[in-house]
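Chains, contacts and geometry: an overview
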Amino acid sequence: MCGIVGVFNYAVSEPVPPELIDTMRDEMIHRGPDGEGGVVLDNGRLGLGHRRLSILDLTEAGLQPMSDPSGRVTIVYNGEIYNFWELREELERKGHVFRSRSDTEVLLHLYLEYGKSMLHRLRGMFAFALWDEEARELWLVRDRIGIKPLYYTFVQGRFVFASEIKAILRHPTVPRELDVESFYHYLSFLTTPAPRTLFSGIHKLPAGHTLTLNDRGEARLERW
């Protein structure tokens, strides 16, 4: 279990403060007690953070956020790809060179090789956010069953996401307002159907879906 978080100021000129990413990220320290990381990209418009639970690669080579050698693609990821060794061997035959023994790095190289169609090659449980500097897009993905959580909101020209709602609520512009209809569902069924949550304006990415957001604030939710 790891924790991911991010803030994208797609329509706000002010940069994302690194200390804000740290605060939001560390609200989920229980998800990743083994390490932490953060980065600010795109001239300060995008901040990404990660809490790490070390399982596959215990070295610093597995730290996140992780970027490919060219710096084009950066990812924060929570989960496990069960067939990542098989995928890594396939990529190595195509000339890809790896610096770690982590499945995170395999995801990066899969994207560089296959683009978004990489999803159909994965077997596992995962939620991740990937920034493509060349395409100018932030891409959020959740696994087929929805084992790994991922929440998001749009607020005042900002896009905020995290593995847990309480990390999103640490952003000072995010209101804490009850969604009455979701509360009704919770009292009736002990759950709130996706994409709703108990908080107004905060959504859960449905299982087996992606959300693509470009630097103009245009968002696209798709089932994969």
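**Focus on the sheet that holds strand β1 (residues 3-8)**
Across the sheet, 6 strands lie side by side as β2-β3-β1-β9-β8-β10; this open sheet has antiparallel pairing. Each edge of the open sheet carries a strand with a single partner, namely β2 (35-41) and β10 (202-204). Strand-to-strand twist in this sheet, taken as the mean axis angle between neighbours without regard to direction, amounts to 15°. Relative to strand β3 (residues 46-52), β1 runs antiparallel, the two sharing 6 bridges. The residue bridging Val5 from the neighbouring strand is Gly49, located in β3. Sitting on the sheet, helix α1 (residues 18-26) is in contact with β1, β2, β3 and β9 (158-162), with an inclination near 35° to β3.

**Describing the sheet that holds strand β4 (residues 66-67)**
Here 6 strands make up an open sheet; going across it, the order is β4-β5-β6-β7-β11-β12 and the pairing antiparallel. The open sheet terminates on both sides in strands that have one partner only, identified here as β4 and β12 (219-223). Where strand β5 (residues 73-81) lies against strand β6 (residues 124-132), 9 bridges are found, and the strand directions are antiparallel. From the neighbouring strand, Ile81 faces β6, where its bridge partner is Gly124.

**A few points about the pattern of salt bridges**
Taken as a whole, this structure holds 21 salt bridges when the rule is applied. Where Arg45 meets Asp42, a salt bridge forms, and the shortest distance between an N and an O atom there is 3.6 Å. On the basis of relative accessibility, which here comes to 10%, the residue Asp42 falls in the buried class. Salt-bridge contacts for Glu90 lead to Arg121; the nearest nitrogen and oxygen are separated by 2.5 Å. Of the two residues, Glu90 sits in helix α2 (residues 84-93) while Arg121 sits in the loop between α3 (103-114) and β6, which places them 31 residues apart along the sequence. Overall, the relative accessible area of 15% leaves Glu90 in the buried class. Judged by relative accessible area, Arg121 falls into the partly exposed class, the value being 31%. Residues participating in the shared-partner salt-bridge network are Asp42, Arg45, Glu133, Arg136, Asp215, Arg216 and Glu218.

**Here we look at the packing of aromatic side chains**
Going through the model one piece at a time under the given rule, you end up with 12 aromatic pairs. The interplanar angle of 35° and the centroid separation of 5.8 Å between the aromatic rings of Tyr152 and Phe159 together place this pair among those described as tilted. Each of the two residues, Tyr152 as well as Phe159, counts as buried. For the ring pair Phe159 and Phe161, a centre distance of 6.1 Å and an interplane angle of 35° mean the geometry is tilted. Comparing Phe159 with Phe161, the two get one shared label, buried. In this structure an aromatic cluster arises from ring pairing among Phe8, Tyr10, Trp131, Tyr152, Phe154, Phe159 and Phe161. Its guanidinium or amino end placed over the ring of Tyr114, Arg121 lies 4.2 Å from that ring's centre, counting from NZ or CZ.

**Re the nonpolar core**
Generally speaking, nonpolar side chains in soluble globular proteins are found buried as a group. By size, the foremost hydrophobic cluster in this structure holds 22 residues, and its most contacted members are Ile75, Ile81, Leu107, Met118, Leu122, Phe128 and Trp139. Counting only elements with at least two residues in this core, the list comes to β5, α2, α3, β6 and β7 (137-142). Ranked by residue count, the leading element in this core is α3, at 5 residues. Excluding its chain neighbours within four sequence positions, the residues that come into contact with Ile75 are Gln64, Pro65, Met66, Thr104, Leu107, Leu108, Phe128, Ala129 and Leu130. In terms of nonpolar packing, the next biggest core, distinct from the first, is built from 19 residues, Leu48, Ala129, Tyr152 and Leu211 among them.

**Re the side chain of Thr74**
Within the secondary structure layout, Thr74 lies in strand β5. Among the polar contacts made by the side chain of Thr74, one reaches the side chain of Ser67 at a distance of 2.7 Å. Every residue in contact with Thr74, bar those within four places of it in the chain, is listed here: Leu41, Leu48, Pro65, Met66, Ser67, Leu108, Ala129, Leu130 and Trp131.

**Some words on the pairing of strand β11 (residues 209-214)**
For β11, the tally of buried residues reaches 6 of 6 residues, placing the bulk of the element in the interior. Taking every second residue as pointing to the same face, both faces of β11 are buried, with His209, Leu211 and Leu213 on one and Thr210, Thr212 and Asn214 on the other. Both β7 and β11 contribute to a ladder of 5 bridges, which runs antiparallel. Note on β11: the bridge partner recorded for Trp139 is Thr212. As paired elements, β11 and β12 share 5 bridges and run antiparallel to each other. Note that in β12 the partner of Leu213 across the bridge is Ala219.

About the cut-offs
Residues numbered from 1 in each chain as written. Predicted model: local features only at pLDDT ≥ 70, side-chain atom pairs only at ≥ 80, totals over all residues. Heavy atoms only, no water. Pairing = 2+ DSSP bridges. Helix = DSSP H or I, 4+ residues; strand = E, 2+ residues; numbered from the N terminus. Axes fitted to C-alpha atoms, helices over the stretch in contact; angles between N-to-C directions. Contact = heavy atoms within 4.5 Å. Salt bridge = Lys/Arg side-chain N within 4 Å of Asp/Glu carboxyl O. Buried < 20%, exposed > 50% of the residue type's maximum accessible area, 1.4 Å probe, protein only. Phe/Tyr/Trp six-rings, centres within 6.5 Å; stacked < 30°, edge-to-face > 60°. Lys NZ or Arg CZ within 6 Å of the ring centre and 35° of its normal. Core = buried A, V, L, I, M, F, W, Y, C linked by side-chain atoms within 4.5 Å. Polar contact = N/O pair within 3.5 Å; in protein donor to acceptor, adjacent residues only side chain to side chain.

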